[in-house]
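Chains, contacts and geometry: an overview
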Amino acid sequence: MNNLNLGFIGLGLIGGSLAKTFKRIYPDCIITAFDTDTTSLAKAFEDNIVDTTVSAVDEHFSKCNYIFLCTPVEFNAQYLRALKEIISSDCIITDVGSVKTHIHNTVKELSLEHTFIGGHPMAGSEKSGYKNSTDQLLVNAYYAITPTDKISNDKLDTFVALIKSIECIPLVLDCQKHDFSVAGISHLPHIIASSLVNCVKDNDYEDETMKLLAAGGFKDITRIASSSPIMWQQICTTNSEAISRILNNYIDSLMQIKNDIDSKNANNLTEMFDSSKNYRDSINTTTKGLIQKSYAVYCDIIDEEGAIATIATILAINHISIKNIGIIHNREYEEGVLKIEFYDDEAVHKTVALLDKHRYTVHNVIA
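Treat the numbers as computed from the prediction; the structure is a model and nothing was measured. (Residues numbered from 1 in each chain as written. Predicted model: local features only at pLDDT ≥ 70, side-chain atom pairs only at ≥ 80, totals over all residues. Heavy atoms only, no water.)

1. Side note on the packing of aromatic side chains
Basically, it comes down to this: Classification of ring pairs uses Phe, Tyr and Trp, with its six-membered ring standing for Trp, and accepts pairs whose centres are within 6.5 Å; under 30 degrees between planes counts as stacked, over 60 as edge-to-face, and the remaining range as tilted. Secondary structure is summarised from DSSP: a helix means a run of H or I of at least four residues, a strand means a run of E of at least two, and numbering begins at the N terminus for each. Working definition: with a 1.4 Å probe on protein chains only, accessible area under 20% of the residue-type maximum means buried, over 50% means exposed, and in between means partly exposed. Remark: a charge is flagged as sitting over a ring if the NZ atom of Lys or the CZ atom of Arg is within 6 Å of the ring centre and within 35 degrees of the ring normal.
Evaluation of the coordinates by the stated rule reveals six aromatic pairs. Pairing Tyr-66 with Phe-159 gives two aromatic rings, centres 6.3 Å apart and planes at 35 degrees, and the pair type is tilted. Here Tyr-66 is found in strand E4 (residues 66-69), whereas its partner Phe-159 is found in helix H5 (residues 153-165), with 93 residues between them in sequence. Phe-159 carries the same exposure label as Tyr-66, and that label is buried. An aromatic cluster of three or more residues is present, and its members are Phe-8, Phe-22, Tyr-26 and Phe-68. In this arrangement the basic side chain of Lys-20 is found over the ring face of Tyr-130, its NZ or CZ atom lying 4.4 Å from the centre.

2. Focus on the packing of helix H3 (residues 73-84) against helix H4 (residues 101-109)
Spelled out, the test is: An axis is simply a line fitted to the C-alpha atoms; with a helix, the fit covers only the stretch in contact. Between two such axes, the angle follows the N-to-C directions and lies from 0 to 180 degrees. Roughly parallel here means an angle under 35 degrees, roughly antiparallel means over 145, roughly perpendicular means 65 to 115, and every remaining angle is called oblique. Handedness of a crossing is defined here by the sense of rotation of the near helix relative to the far one, left-handed for an anticlockwise turn of less than a right angle and right-handed for a clockwise turn. Contacts are assigned to residue pairs with any non-hydrogen atoms lying within 4.5 Å of each other. Residues are grouped as follows: nonpolar covers Ala, Val, Leu, Ile, Met, Phe, Trp, Tyr, Cys and Pro; charged covers Asp, Glu, Lys and Arg; every other residue, Gly included, is treated as polar.
Closest axis-to-axis distance for the H3/H4 pair is 10 Å, and the angle between their directions is 15 degrees. Compared by their axis directions, H3 and H4 come out roughly parallel. The crossing of H3 and H4 is right-handed. Across from Val-73, Glu-74, Asn-76, Ala-77, Leu-80 and Arg-81 in H3, the residues of H4 making contact are His-102, Ile-103, Thr-106, Val-107 and Glu-109. Considering only residue class, the contact of H3 with H4 consists of five nonpolar, three polar and three charged.

3. Brief notes about the pairing of strand E8 (residues 169-172)
Successive residues of a regular strand alternate their side chains across the two faces of the sheet. How we decide: We treat two strands as partners when DSSP finds at least two bridges between them. When the strands point away from the viewer, a crossover counts as right-handed if the route from the first strand across the helix to the second turns clockwise.
In this structure, strand E7 (residues 142-147) lies alongside E8, joined through four bridges in parallel fashion. Paired with Tyr-143 across the two strands is Pro-170, which belongs to E8. The handedness of the E7 to E8 crossover, carried by H5, is right-handed.

4. Focus: the sheet that holds E7
One open sheet holds the eight strands; their spatial order is E3-E2-E1-E4-E5-E6-E7-E8, and the pairing between them is mixed. In the strand order of this sheet, the two ends are held by strand E3 (52-54) and E8, each with one partner. This sheet shows a mean twist of 25 degrees between the axes of neighbouring strands, independent of strand direction. Sheet topology places strand E1 (residues 5-9) next to E4; four bridges connect them, and they run parallel. Of the residues in E4, the one forming a bridge with Phe-8 is Phe-68. Along the sheet face, helix H1 (residues 13-25) touches E1, strand E2 (30-34), E4, strand E6 (116-121) and E7 and points at about 165 degrees away from the line of E1. Packing of H3 onto the sheet brings it into contact with E1, E2, E4, strand E5 (92-95) and E6, and relative to E4 it is tilted by some 150 degrees.

5. Side note on the side chain of Asp-204
For clarity, the threshold we go by: In this tally, Lys and Arg are treated as positive and Asp and Glu as negative; His is ignored, and so are the chain termini. Salt bridge criterion: a side-chain nitrogen from Lys or Arg within 4 Å of a carboxyl oxygen from Asp or Glu.
Within the element layout of this structure, Asp-204 appears in the loop between helix H6 (175-203) and helix H7 (209-213). Notably, Asp-204 is buried but unbridged: the nearest opposite-charge side chain belongs to Lys-211, and the N-O separation is 7.4 Å. Aside from chain neighbours lying at most four places away, what touches Asp-204 is Thr-209, Met-210 and Lys-211.

6. Observations concerning the environment of Tyr-295
You can see Tyr-295 is positioned in the loop between helix H11 (266-283) and strand E9 (296-299). Taking C-alpha positions, Tyr-295 is 5.7 Å from Glu-341, a pair spaced 46 residues apart along the chain.

By themselves, these figures tell us nothing about what the structure is for.
What follows is the structure in structure tokens.
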């Protein structure tokens, strides 16, 4: 990956993290960046992450061999039009949006299918902005790649290799399959979290008893409701067909659950909870229910042999029992590379102190 000349349009959480990751792995790469937030641009330049900052999407991007669109979904499509008249013939344009079919349709309308490869790094959190970006956010994260029908195999292979080189796990799939998948595992959960928060708010007592008692499980499963409203509004409008389809399925399942509760159908309720438990346990080796209080620490580690063992040894020496430990590959709502789960709150606080002492970066402590 020699002579990397990269363009970034948008330096938020993901754009900033990608830029920082490239600079860490390819310190000689050249990065040109545009963002409407001039403060973020100035900070990225000050951090020596960005080599050139620009005030518009113009000919400064003409020498880039990769351009990353890292703005909200609908804005990415707008910037494509500006880039069409600027880019070189060997340039690859990609994006990081969580909806792919919408931008692929725009790419087709603009006859850019030969130069565009969709992308979606499965990492992030409810926090946003360059100030929250890190060169470790994407380490060992899945990176969905959605090629167009007209992209050459050479360009696709080169892009997949580039994504592997920045320590991500590439997953090539069709854009429509991607959108329905993320509608189920990402977009629907956010809608559920937001609607659940509003449901509790609208049904709370005047003295806010529910709000007062809200802790543990409620906070865990609604944490993502704190994400950017504008970003999620655009996700819902650009991936409306897939979200509506899976939302209909979810509404049907909720109605069935309501009927089972009304009729006190113990067998159906047991089967529902048992089925969900088994499937959830197959995703993650923990056995906690979704509404049980969680004791977990998320932290950054360098992806190298023995990294997890080192942390496990530090905790063992200090007599801290670990319930579960592992790399988080889909980190859309988690910032840390490593998730460590414990049995109680005391272990969490001891671990945070130890990791801080050993200069690890800790995120999203849940206790």
